[in-house]
Every structure is written in C-alpha cells, then in structure tokens.
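# Residue-level structure breakdown
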Amino acid sequence: MRHFISLNDWTKREIMELLQLAEHYREQAFILSEQLFAANLFFEPSTRTKMSFIVAQRKLGLDVLDFNEEFSSTKKGESLYDTAKTFEAIGANMLVIRHRDDCWIEKLEGNLSIPIINAGAGKKEHPTQCLLDLLTIYQEFQKFKGINVVIAGDISHSRVAKSNAYTLQKMGAHVYLTAAEGCKDRSLPFPYISMDEAVEIADTLMLLRIQHERHEVAYDQTTSYLDKYGLTKQREKCMQPQAIILHPAPINRNVEIDTDLVECNRSRIFKQMNNGVYARMAIMSSVLKEWGSIHETVDQKYQPPFTYGGVS
Amino acid sequence: MRHFISLNDWTKREIMELLQLAEHYREQAFILSEQLFAANLFFEPSTRTKMSFIVAQRKLGLDVLDFNEEFSSTKKGESLYDTAKTFEAIGANMLVIRHRDDCWIEKLEGNLSIPIINAGAGKKEHPTQCLLDLLTIYQEFQKFKGINVVIAGDISHSRVAKSNAYTLQKMGAHVYLTAAEGCKDRSLPFPYISMDEAVEIADTLMLLRIQHERHEVAYDQTTSYLDKYGLTKQREKCMQPQAIILHPAPINRNVEIDTDLVECNRSRIFKQMNNGVYARMAIMSSVLKEWGSIHETVDQKYQPPFTYGGVS
Amino acid sequence: MRHFISLNDWTKREIMELLQLAEHYREQAFILSEQLFAANLFFEPSTRTKMSFIVAQRKLGLDVLDFNEEFSSTKKGESLYDTAKTFEAIGANMLVIRHRDDCWIEKLEGNLSIPIINAGAGKKEHPTQCLLDLLTIYQEFQKFKGINVVIAGDISHSRVAKSNAYTLQKMGAHVYLTAAEGCKDRSLPFPYISMDEAVEIADTLMLLRIQHERHEVAYDQTTSYLDKYGLTKQREKCMQPQAIILHPAPINRNVEIDTDLVECNRSRIFKQMNNGVYARMAIMSSVLKEWGSIHETVDQKYQPPFTYGGVS
C-alpha cells in the first residue's frame, strides 16, 4: 500500500488511470456511503491547494478535519510525527500534509496505519499539483509524447518544477527549463534555454511563482524581471498557435507574467485550479481504495473519457 | 442577475418578500437536494456575521468553505480579485465577502459567474445587517411607515448606519441621527438630534458600536462618553413605552449602553442575532435562485406569515 | 439540567454509565436525525481536545461551529459572556468551551438556555480528559477499586491532575502524587511520593506535561528533569507487570518520559486519544438528552459491554 508522496511511485499506466478517473469525477459525483475523515495538516499558508482538497473531499463525501498550526499544540512544541499519530488515533482515515521540510515523509512512513497525501514537501515535491498540470496538458493535446514543455522561473525554490519535470519526461514529453541565474537548479538533468527560445518552441509554457518569501534578494515589479525573464505581451505573440500557458498560482502579476495575459486565450491558469479538484478526488479515492477504506467500486460505472494516446 | 451588494438594488416589494421568506425559514427548514458550495471570504475579524452566515448556510444544506486570511495566499500577496476567481474556479457557487475596502465590489462585478453577498464593505455598506434590522423592526411594529428610527453613535465609521438609514427611509420610516461631534458624517441627508431628544421620539433606537480600532482618539469607559452620548439608565426611562433598542454588536458595555440595559425588556439585541440567521437564509437562497443554482421552488410551500403593511 | 463542568456533579453510577455509553459508541455509530449545532469556543491552543470533540460531534451527526479567537470579535474586546450569548442566539444547541480562566463557568451558569461542556478551565478542571482516562484505566483493570494511580509531574499547573485525582478517589482508586518541588500543589489532599516509589506501586502511572508556557523557569532537555522526575527506561523496568502509562499529551519527549517509551507496550497514550472521541460522544449525547435536544433513545439498542465491577 502506497502513500501518495511522489509520482515517481506511479507507473505511466497508473497515472493515465488517475487522469481518467479525474475526468470521470467531473461528470459524475461519487459520494461515499460510509463516514470517513480526511485531516488536512497544512504547516505553510495555502488558499488554492487546501481549499481544492476540501472541495474534493466534500465532493467525495469525506468529513474534513481542518488543522490550523496557529491554534494547535505545535505551539506547545509538538512534532509533526506526534501530530500525525494524534490524528490517526482520533480517527482520521487519511492525512493530507503540507510542510516546509523537504523530507517530512521519511519520519512518518512505516509508522502510520493510514495513507498520507503529499500536499507540498518543502522545495522537493508537489505531486497533486503535478497531476492537475498533467490533466490540463492532456485535455489540450490528448497526448504527452513529443509535447514540448518549458518550465520557466524560480526553478530552484519550486517543488512544482521538480515534480513536473520528472513526471512529464516519464510520460514522454520534452522538458526544458528557463530561469534567471539566481533561480536555476543545476542539479536537474534538463536543458536550460532562454525565455525567448522558450516562447518559440513551447507547446506548454509552465510559469512558476517567484517565491519572494524564500529569496534573499527581492524580485519586484520595479526591477526589470518581467522584461528579462517573464512573459511579456511581446513574447506571448511569438508563441506557437496551439501553445498554452500554465501557472500554479498565486501569480505575481507583472513579475512572472504581464497582468493582461493572466486571463488571455492561451491561459489555462483558472482551468488548472478547476482541474485540481477532480485530480485530487481521483488521487484520494484511489489511495483510500488501495488502503481498503473504500469498498465501493469507484470506476465500474463509467466509460473512460479518453484513451491511452499519451502512453507508448 | 444581481449580486447582493446594497439594498438600494432591491425594491420595497422585494425587500418585503425577503422578510417574509426569512420568517418562513424560522418555521420550516429548507435543505437543498444538491451539493452547492458557499465560500466565506472574511478579511476583517467577525464572530457574529460569519457564524450567522455559516449557520444559515448549513440550515440551507450548503457546504461551507471557510477562508482564513492568515493561512492563505493573501500572505503571498494575492489580491481579492485573484482570491475570488480562485474560489470560483475550484467550484464555489457563491461568495460571501467582508473586506475593509469600501469599494471592493467594483473590482469583482462583471468578472465572476457566481453571485457575491456583501458581508461588510469598509465603512460603506452592510446590507445583510440591514435586512436583519428591518426584520426585527417589522416584527415589532408590523410596518415601517411612520416609524421613528434614531441611529446613534459612531455614524462616520459605520457601514451599518449608512445601509440602514437609506433603506429605512425607502421603506417609509423617519430616520434621525445622533452622534458625538467626532462621530458625525455631515454628508448624510438625515437630521442630527441630541441623545436626549432621541430617547423621547424613537420607536427604534439603533445604537452603534464605537469602532475603537478605526478611531485615533480613545473613547473608553473612563471618559464620560456614556453620560454624554450613550444610553444611560436615566435616558432609558424617558423612552416611549413601545420603543425598542437595537445594537449590531459587539457591544462596548458602559460605553454605548449601560451594561444593565443590554438584556432589558426593550432590548432586541440578541433577537437581532437570531433574526440574522433567517435573514441571511432568505438572501442567499433568493440570490442562488436568481442565478439559477437552486431549482427547487423555495416559497411555494408556505403561507406568508405577515402582510405588506409597511409598504404603501 | 446540568452543564458538564466537573465530574464532581456526576455520581459513580452516572460515571459508569458514561463509560458504558462510550464503549457502545465504539461499536455502533449514532447519527442524529435532526440538525443540531455544536459550537467549539477554544480560547487556548489545542489540537487533540478540539479535534477529538469535532470527530465526536461529526460521529454523532452534529453540525460544527468552529470559533477561532484570532478572527473574532473578541479582538474587538468582546467578553466570553457576550460571545456565548451570541452563539446561543444564532442557534447553537451546545457550547464546548476552553478558557484560560479557572472560573469562567460562573459567569455563564444560569444565563444560557443551552448546555455547556467544559473542555478545559484554567488550572482547575478538565473533566472530558478525566473521563477518557477513566475509560482507559477501566479497559485495563475492569475496576477502579483498589487500583493504585500515581499522577506525576506538573501538578500545580495541571487541570488534568485535579479532575483525575478527585474523580479516581471517588471511584475507589488509591491516588498518589509525585512532583518536583516547584510543581507541587500542597492544597491537594493526596500523599506525595518519590518517582522511584511511584514506579514500584503504580498500576497506572499518569504522567503530566510540563507546561512550559505557564512556568517562569525553564524545564528543558538540558536539565536533568528526566533523570530526577521523569520516566526513564531504568525506572520503567521497575514497574509492575500489569502497570500502564498514561499521558494527556502533547508530550515533551525526553522531559516527562524517555522518547523510546512513548510507544512501548505499557503505553496507552495513543489509546487515550482514541478513547477520547468515544468518551466525548457519550458526554455530549447524554447532556443533549438531559436538556431535551435529543429525543432518540440513545442506549436502548445496546447490551452494556462491561459490568459495574468498579462500583461498590
């Protein structure tokens, strides 16, 4: 039985099945017949991811336990391990965890009888964001093989970048990176190109947020960051006709992207958020089924909405 | 299709229908048969209003998304607009928003496919508080026409004062104001009288909270604010036999009102809170119906509990 | 009709009935057929107790109102009394309150038409923790009479110690205390023994958390607190074969207890948390029944899982 920590643990076929299940949930609600509790343990601020999980949980019929670090015993020095064990003891059937530590999972694995969903691990992994990005790309191109994806921006601080780069490569996409010098991570085995090259070749341009709170130098609107490294209106005009823009949000308007482009025709930014709910429903119900908490046959009822085009 | 931003957008007849629907909900629960999500986006502290909305939402059978600014991406600089669009994208069917900005609605109107309920806009409008005040007054007098309402206290900082003054005048009431010099708003087209005059003529004395957090000078219990401008026991004795006391709360006991009067026979302060739940049920279900999210016929089932006495 | 403030108000027979009902809920869910609201008003940080109450409430089918002091009108100076009256007015059917004041209950009693559950009163009482501790002890020994219970640690700051000592004595247990000099409360009518004596005689060793936030001197891992007063591995070896270890958590690992003992065979620490949910279900449903809010017959359906062995 697997926790949902990284898409490295999922095969191409399993990833495609998650995408199909996500599309299925868009069409048809699935409400559990028994009472199960999902506990959301977020140790970093979040609007989108946390609320997306909550909507997904409620759409599955899960009861939600909402942990706020500020009002909790972590104020009294309690560790993540003890907090997680506490939620297990009081009846949580699943933990959804975001924590600033890259490797928090290592302290929990093997010590819990309930599954964990990784909702963000430090600078390392953000696999549910990755799955919703995959869903958004697949909706557009009905395949991953041969698609050019350029990940642009604050690579070094981005867990989104890392989760996406490896998984997209596994799915058959060509992955490129583009970043300002201080934002590069040289340990990643993907080629760096310039932003001007990026807009020319990308089928999918995946912008990242400058994580001001993790940087020592400020990248604000008064600098020429947008002009040098961001998606200006000028650069957008050089993009391929079919190319789309992604961004995990929150967006620094006029830093990573010109504010006028946030809702342009190429933008799938709010579509990504919408997809996030269904991607997370698929992840959570699949994991709960693998752990034996859901007995209903989730997928019996539906016809796959798309085929395995992206998988060789 | 209207957002619920100001009762200026509602006709007298429509306001009376909201009041009737509120009374109906007191008698008979209405639970939705489909899953809809209400997102509460409060950017200012609130107990009463927020909890009242949540109870109202749950009584309607709505699923509740509770946004806490402190734990959110507004910490990362996200705007109200992007936050609202995010909640729309992840599946909210309605937004309930309180924000310190007087005019936040302008940035959202026309850009969302879901209705917005104004739960407090800066110093300008607080229309759901207004409707619950109307409900409380109507329960007492079965009309608005000719009723003397005096709004007393921190007029200049009060969105409650403004929403109530204009709407009560529209409904046919006579509206007066009374305030300490620093608390007056001279732009309002209503006569100022003294507190001593107020207690003599009022059918409804609507006290307001001194908003310490918005004042530069302190109005505390050591000053003679209560004696000069508040409702003392002495003044209460001069009130008309039928006259009632309202206060939107939280109350500064012994500032706006002698603490012993908070639960006196004339006080409808906790009744107002109780009415708030039903008023908000009426508002939310009406708006959701106007926007096509509720298909059930809400009002088919009931006999109006009171007639249109207050409407000419 | 009683609030649930202290187990001093409950007879031995009633306490046994609560324990039996708790065991019943472990086996069989009880979901209310009507909509009732439980409001959780926590004025001190809490993970375990608050989440345990929420799980218990949801398992009973109660709707939950979650009050966060930080976002509330207590920021505007609102008192506990006015906050409680507000929740009553907007439709709460029960209040669960934790507050730093020892005697907050006195201001509320007699002024509310709904029951109050004490979820922690200053340094004085924590009766729901007490009931879950009783449940854990009873599961082990099927009686209280003659059982040696040693309460160890920060007695002077512990509401858990006081609630437990008196109630366990009433149930027939022999109660001893052990504490460092600065942690003793000499007003309690129970004998103090040394930690070395404690491990030899205890059937139940009830460790308490050092409440750093209430102490002026620090008791940290660099001092020899563990060696002098805590449960070391050495001392654990001197315990009786049948003896168990309790701790209300959060635990200061390597202060009150060696970290390796937290999940040892004798430890019932996570079992306590699990028991807490069922104990609180029993308490809340019993109180709601006494107040006439629940009409269903809760206990008709089940066979008592254990007998009155501990009650003479």
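What counts, and at which threshold
Residues numbered from 1 in each chain as written. Chains lettered and ligands numbered in written order. Predicted model: local features only at pLDDT ≥ 70, side-chain atom pairs only at ≥ 80, totals over all residues. Heavy atoms only, no water. Helix = DSSP H or I, 4+ residues; strand = E, 2+ residues; numbered from the N terminus. Contact = heavy atoms within 4.5 Å. Least-squares fit on C-alpha atoms with pLDDT ≥ 70 in both. Buried < 20%, exposed > 50% of the residue type's maximum accessible area, 1.4 Å probe, protein only. Buried area = accessible area lost by both parts, 1.4 Å probe. Salt bridge = Lys/Arg side-chain N within 4 Å of Asp/Glu carboxyl O. Polar contact = N/O pair within 3.5 Å; in protein donor to acceptor, adjacent residues only side chain to side chain. Nonpolar A, V, L, I, M, F, W, Y, C, P; charged D, E, K, R; others polar. Domains from an automatic or database assignment. 1 Å grid on protein atoms, 1.4 Å probe; cavity = no way out; pocket = protein on both sides within 12 Å on 5 of 7 lines; lining within 4 Å. Points joined across faces, edges and corners; volume = space filled by probe spheres on them. pLDDT = per-residue confidence, 0-100. Disulfide = S-S within 2.5 Å. Axes fitted to C-alpha atoms, helices over the stretch in contact; angles between N-to-C directions. Left-handed = near helix turned anticlockwise from the far one by under 90°.

This part covers the overall build of chain A. Along its length, chain A carries 10 helices and 8 strands. Excluding contacts between residues fewer than 6 apart, the proportion of contacts in chain A whose partners are at least 24 apart in sequence is 75%.

What follows deals with the relation of the copies chain A and chain C. When chain A is brought onto chain C, the operation consists of a screw motion whose angular component is 120° and whose axial shift is 0.0 Å, with 0.0 Å RMSD remaining. Put plainly, the chains are arranged around a three-fold axis. When you check the interface residues of chain A against chain C, a mere 10% turn up at the interface there too, and the two sides of the contact use different surfaces.

Residues and elements named next belong to chain C. The topology assignment puts Asn 40 in strand β1 (residues 37–42). Relative accessible area serves as the criterion here: at 0%, Asn 40 is assigned to the buried category. Those residues within four positions of Asn 40 in sequence are excluded, and the remaining contacts are Ile 54, Gln 57, Val 64, Leu 65, Asp 66, Phe 67 and Val 96.

Its rotation angle being 120°, the transformation that places chain B on chain C also includes 0.0 Å of axial translation and leaves an RMSD of 0.0 Å. The two copies present different faces, since only 8% of the interface residues in chain B are matched by interface residues at the equivalent positions in chain C.

What follows concerns the interface of chain B and chain C. Every contact between the two is made by 24 residues of chain B and, on the other side, 21 residues of chain C. When chain B packs against chain C, the two sides together hide about 2,100 Å² of surface, and 58% of this comes from carbon and sulfur. In terms of surface lost to chain C, no three residues of chain B exceed Pro 45, Thr 47 and Met 51 of chain B, which account for 26% of the buried area on that side. In this structure, Arg 253 of chain B and Asp 82 of chain C form a salt bridge, with 2.6 Å as the shortest nitrogen-oxygen distance. Taken together, the links from chain B to chain C amount to 7 residue pairs in polar contact (both at pLDDT 80 or more). Only α2 (48–60) and α10 (269–290) of chain B provide two or more residues apiece to the side of chain B that touches chain C. With 7 residues, the single largest contributor to the side of chain B that touches chain C is α2 of chain B. Partitioning the side of chain B that touches chain C into residue classes produces 9 nonpolar, 6 polar and 9 charged.

Next up on the list: the domain arrangement of chain A. All names here are of chain A. If you check the domain split of chain A, you get domain 1 (7–126 + 273–291) and domain 2 (129–271). The C-alpha-based centres of domain 1 and domain 2 are spaced at 25 Å. Of the residues lining the interface, 29 residues belong to domain 1; the matching set on domain 2 comes to 28 residues. Buried area between domain 1 and domain 2, summed over both chains or domains, comes out near 2,500 Å², and the portion from carbon and sulfur atoms is 58%. When residues of domain 1 are sorted by the area they lose upon contact with domain 2, Lys 123, His 126 and Met 273 head the list and together hold 26% of the total.

Here the focus is the pattern of salt bridges. This model, assessed by the stated rule, comprises 53 salt bridges over all chains. Here Arg 2 of chain B ties to Glu 14 of chain B by a salt bridge, and the two come within 3.0 Å at their closest N and O atoms. Of the two residues, Arg 2 of chain B is situated in the segment before α1 (12–27) and Glu 14 of chain B in helix α1; the sequence distance between them amounts to 12 residues. Under the relative-accessibility criterion, Arg 2 of chain B is labelled partly exposed at 23%. Of the charged contacts, one joins Arg 159 of chain C and Glu 44 of chain C as a salt bridge, the two residues approaching to 3.0 Å between their closest N and O atoms. Taken together, the residues Arg 159 of chain C in helix α6 (residues 159–171) and Glu 44 of chain C in the loop between β1 and α2 (48–60) connect sequence positions 115 residues apart. A cluster of three or more residues bridged by salt bridges with shared partners is formed by Arg 2, Glu 14 and Glu 290 of chain A.

As a further point, take the layout of surface pockets. There is about 1,100 Å³ of room inside the largest pocket. The wall of the largest pocket is formed by 36 residues, among which Arg 58 of chain A, Arg 58, Asp 63 and Val 64 of chain B together with Asp 63 of chain C lie closest to the centre. Elements supplying a minimum of two residues to the lining of the largest pocket: α2 (48–60) and β2 (63–68) of chain A, α2 and β2 (63–68) of chain B together with α2 and β2 (63–68) of chain C. Of the residues contributing to the lining of the largest pocket, the split by class is 17 nonpolar, 8 polar and 11 charged.

Now for unusual backbone geometry. A negative phi angle characterises most non-glycine residues, just as the trans form characterises most peptide bonds. For the bond from Ala 249 of chain A to Pro 250 of chain A, the omega torsion is 0°, close enough to zero to count as cis. Along the polypeptide, Pro 250 of chain A turns up in the loop between β8 (244–246) and α10 (269–290). A positive phi angle, near 55°, is found at Gln 142 of chain A, a position not held by glycine. With respect to the helices, strands and loops of the structure, Gln 142 of chain A is situated in the loop between α5 (127–141) and β5 (148–152). Phi angles above zero are rare outside glycine, and Asn 254 of chain B is one such case at about 70°.

With that settled, the discussion passes to the confidence of the model for chain A. Put simply, chain A has an average pLDDT of 90, and 89% of its residues get 70 or more. Here the prediction assigns the complex a pTM of 0.93, and the interface score ipTM is 0.92.

Residue-level contacts link 21 residues of chain A with 24 residues of chain C. Of the roughly 2,100 Å² buried between chain A and chain C, counting both surfaces, carbon and sulfur atoms make up 58%. Summed over the shared surface of chain A and chain C, the result is 4 salt bridges. Where chain A packs against chain C, one counts 7 residue pairs in polar contact (both at pLDDT 80 or more). In terms of residue class, the side of chain A that touches chain C is built from 8 nonpolar, 6 polar and 7 charged.

Right, let's get into the environment of Ser 163 of chain A. Residues and elements named next belong to chain A. Topologically, Ser 163 is positioned in helix α6 (residues 159–171). Judged by its relative accessible area of 3%, Ser 163 is buried. Through-space distance from the C-alpha of Ser 163 to that of Ser 6 is 7.4 Å; in sequence the pair is 157 residues apart. Among the polar contacts listed, one links the side chain of Ser 163 to the side chain of Glu 125, at a separation of 2.5 Å.

What follows is about the state of the cysteines. Covalently bonding the sulfur atom of one cysteine to the sulfur atom of another cysteine gives a disulfide. Residue and element names in this part refer to chain A. This structure, assessed with the given rule, holds 0 disulfides over all chains. Considering cysteine sulfurs only, Cys 103 is the nearest to Cys 130, which forms no disulfide, with 18 Å between them. Overall, the relative accessible area of 1% leaves Cys 130 in the buried class.

Once that is clear, we can look at the packing of helix α5 (residues 127–141) of chain B against α10 of chain B. Residue and element names in this part refer to chain B. With their axes 8 Å apart at the nearest point, α5 and α10 run at an angle of 115° to one another. The two elements α5 and α10 cross, and the hand of that crossing is right-handed. Mapping the contact onto sequence places Thr 128, Gln 129, Leu 131, Leu 132, Asp 133, Leu 135, Thr 136 and Gln 139 in α5 and Lys 271, Gln 272, Asn 275, Gly 276, Ala 279, Arg 280 and Ile 283 in α10.

Residue and element names in this part refer to chain B. Here Ser 158 lies in the loop between β5 (148–152) and α6 (159–171). A relative accessible area of 2% means that Ser 158 is categorised as buried. Sequence-distant contacts of Ser 158, that is, excluding residues within four places in its chain, are made with Lys 123, Leu 208 and Gln 211. At 3.2 Å, the side chain of Ser 158 forms a polar contact with the backbone nitrogen of Val 160.

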